[in-house]
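Breakdown of the fold
Each chain, written out:
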Amino acid sequence: IIGEEFGNYNEFAEYKWVLDPIDGTKSFICGALSFGTLIALLKDDKPILGAIHQPVLKQLLIGDNKKTELNGVATQCRECSRISKAVLLTTDHLNIGKYQNQKNFESLIRNVNLYRNWGDCYGYYLLATGYADIMIDPIMSSWDSLPLIPIINGAGGIITDYQGNDPVSSSSIVATAKGIHTEVINLLNG
């Protein structure tokens, strides 16, 4: 078990649970609904199952890298082939400049159709259910990112780190609809 609140227990096991009981703690404290519980199951350190649970809205999003379901109904990222049509989300605009290139992020903002700070785990929920096209977090912990990988993959999206690399051991996430990921990564990295 790997958890934000508990530390690691039996960390060399073949199967591991990764738990974040309240992802979006600041949102939760402020009464915003973008918080949720994140859970991942790893096999040999690779995420094979991910879940976002939003208890207030009674929504459970589960992905296994092949499919993603919301309360038992299949869901997927929407088609988006041009950044100019995309909805871009992030959790905290101020974190971009602290951890990544702010100027390049501002360039991405100018190229999308709509930009909002509807973040935390709910931003990834919106991407996996077809309501957004890009979700970016410039800094993340493993309990934040590992549950998202099977969800986004199962919904037909692409999820990497900020530079376009494998997200499993990364400390950042860029998740997008399939048709725009390379262009987003190129804009973010100049």
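See the structure printed just above.
Fair warning: this is a prediction, and the values are worked out from it, not measured in the lab.

Parameters and conventions
Residues numbered from 1 in each chain as written. Predicted model: local features only at pLDDT ≥ 70, side-chain atom pairs only at ≥ 80, totals over all residues. Heavy atoms only, no water. Salt bridge = Lys/Arg side-chain N within 4 Å of Asp/Glu carboxyl O. Helix = DSSP H or I, 4+ residues; strand = E, 2+ residues; numbered from the N terminus. Buried < 20%, exposed > 50% of the residue type's maximum accessible area, 1.4 Å probe, protein only. 1 Å grid on protein atoms, 1.4 Å probe; cavity = no way out; pocket = protein on both sides within 12 Å on 5 of 7 lines; lining within 4 Å. Points joined across faces, edges and corners; volume = space filled by probe spheres on them. Nonpolar A, V, L, I, M, F, W, Y, C, P; charged D, E, K, R; others polar. Phe/Tyr/Trp six-rings, centres within 6.5 Å; stacked < 30°, edge-to-face > 60°. Pairing = 2+ DSSP bridges. Contact = heavy atoms within 4.5 Å. Axes fitted to C-alpha atoms, helices over the stretch in contact; angles between N-to-C directions. Core = buried A, V, L, I, M, F, W, Y, C linked by side-chain atoms within 4.5 Å.

Topic: the pattern of salt bridges
Scanning all chains against the criterion turns up 4 salt bridges. Among the ionic pairs, K16 bridges to D45, the shortest N-O distance being 2.4 Å. Of the two residues, K16 sits in strand β3 (residues 15–23) while D45 sits in the loop between β4 (36–43) and β5 (46–54), which places them 29 residues apart along the sequence. Note on K16: relative accessible area 7%, which makes it buried. In this structure, the salt-bridge partner of D133 is R78, at a minimum N-O distance of 2.8 Å.

Examining the layout of surface pockets
In this structure, the largest pocket spans a volume of roughly 550 Å³. Taken together, 23 residues form the lining of the largest pocket, with D23, G24, T91, N95 and D120 sitting closest to its centre. Mapped onto the lining of the largest pocket, the elements with two or more residues apiece are β3, α1 (25–29), α4 (120–128) and α5 (142–145). Looking at the lining of the largest pocket, its residues break down into 9 nonpolar, 6 polar and 8 charged.

Quick word on the packing of aromatic side chains
Applying the stated criterion across every chain yields a total of 3 aromatic pairs. Where F28 meets F35, the ring centres are 4.9 Å apart and the plane angle is 70°; that geometry is what we call edge-to-face. By relative accessible area, F35 is classed as buried at 8%. Both rings, one in Y122 and one in Y125, keep their centres 4.7 Å apart while their planes meet at 15°; by these two values the pair is stacked. You can see Y122 and its partner Y125 sitting in helix α4, 3 residues apart, about one turn around the helix. The class of Y125 is buried, set by a relative accessible area of 7%.

What to know about the sheet that holds β4
Across the sheet, 8 strands lie side by side as β2-β1-β3-β4-β5-β6-β7-β8; this open sheet has mixed pairing. Each end of this open sheet is capped by a strand with a single partner; those strands are β2 (7–8) and β8 (73–75). Taken together, the 7 bridges between β3 and β4 define a ladder with antiparallel strand orientation. If you follow L19 over to β4, its bridge partner there is I39. Along the sheet, α4 makes contact with β3, β4, β5, β6 (59–63), β7 (68–70) and β8, crossing β6 at roughly 70°.

Regarding the nonpolar core
Among the nonpolar cores identified, the biggest contains 29 residues, and I52, Y124, L146, L148, I152, I159 and A175 are the most heavily contacted of them. Secondary-structure elements contributing two or more residues to this core are β4, β9 (87–90), α4, α6 (148–154) and β13 (173–176). Of the residues forming this core, the biggest block, 6 residues, is contributed by α4. Residues contacting I52, with those up to four places away along its chain left out, are T37, L38, Q59, L60, L61, C121, Y124, Y125, L148 and I151. Core analysis: the second largest hydrophobic core is formed by 19 residues, A86, Y115, V174 and L188 among them.

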